[in-house]
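Listed below, chain by chain, are the residues.
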Amino acid sequence: MSRQQRRFVGVFFCAGVVVSLVGCDYWPPTLQDEIEQLRAEIQTLTMEKTQLQAQVVDLTRAKQELQGQMDDMSRTNREKSVIISGLQSQLETLRIKAIKAMSPKASPHKGPSKSPATATSKGAAKSPASKHSTPRSIGVR
């Protein structure tokens, strides 16, 4: 019996080796359905991933374009601020010249009271109003 047992174990072992080398082609139907479902989900997810990557690329491009536009606008804003500052200083210089020009003309006219009052009221009305408007525009910056 010992010999038969050894032979049985040997045959069983050989059969196990043969089956392991050949492999098993039997898949239960439920397992096959589950595998197919997982493959379909993988394909769907791969397509969604591709679409999302395309959207990321588009959004990155749009971001770069908007960043470029923002840089251009910032540069233009700085240039315009410099121009405005220059114009404000020129305006202030012209106001000072106008006030100096009106001062000597108003004092030599000692004739009729109508001329000096008119010149003084015009100069007084224009100067304070324009001086008050300048600080407001400077404060806006």
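Residues numbered from 1 in each chain as written. Predicted model: local features only at pLDDT ≥ 70, side-chain atom pairs only at ≥ 80, totals over all residues. Heavy atoms only, no water.

Participant: Sorry, what's going on with the overall build of the protein here?
Facilitator: Across its full length, the protein carries three helices and zero strands. In the protein, the order of α-helices and β-strands from amino to carboxyl end is α-α-α. With 141 residues in all, the protein has 4% of them scored as buried. About 12800 Å² of surface is accessible on the protein, with carbon and sulfur atoms providing 64% of the total. (Helix = DSSP H or I, 4+ residues; strand = E, 2+ residues; numbered from the N terminus. Buried < 20%, exposed > 50% of the residue type's maximum accessible area, 1.4 Å probe, protein only. Areas by Shrake-Rupley, 256 points an atom, 1.4 Å probe, with all protein chains shown as cover.)

Participant: What's the story with the pattern of salt bridges in this structure? I'm lost.
Facilitator: Pairing is possible between side chains of opposite charge, provided their charged atoms come close. The final tally for this structure, using the stated rule, is five salt bridges. Taking the shortest distance from any N to any O, the salt bridge between Arg-75 and Asp-72 comes out at 3.1 Å. With Arg-75 and Asp-72 both in helix α2 (residues 29-106), this residue pair falls three residues apart, about one helical turn. On the accessibility criterion, Arg-75 (40% relative accessible area) is partly exposed. Classification of Asp-72 as partly exposed rests on a relative accessible area of 39%. We note a salt bridge from Glu-79 to Arg-75, for which the minimum N-O separation is 3.9 Å. Separated by four residues within a single helix, Glu-79 and Arg-75 lie in helix α2, roughly one turn from each other. Accessibility expressed as a relative area gives 44% for Glu-79, which makes it partly exposed. Look at the salt bridges and you will find they share partners, linking Asp-72, Arg-75 and Glu-79 into a network. (Salt bridge = Lys/Arg side-chain N within 4 Å of Asp/Glu carboxyl O.)

Participant: Could you clarify how one ought to interpret a nonpolar patch on the surface in this entry?
Facilitator: On the surface, a nonpolar cluster with roughly 380 Å² of combined accessible area is contributed by Phe-8, Val-9 and Phe-12. Here Phe-12 falls in the exposed class, since its relative accessible area comes to 62%. (Patch = residues over 30% accessible without salt bridge, like charges linked within 9 Å, V, L, I, M, F, W, Y side chains within 5 Å.)

Participant: Is there a simple way to explain the confidence of the model for the protein in this structure?
Facilitator: Regions with low pLDDT carry predicted coordinates that are not meant to be interpreted in detail. Per-residue confidence for the protein gives a mean pLDDT of 78, with 67% of residues at or over 70. Here helix α3 (residues 114-140) stands out as the least confident element of the protein, with mean pLDDT 46; α2 is the most confident, with 94. (pLDDT = per-residue confidence, 0-100.)

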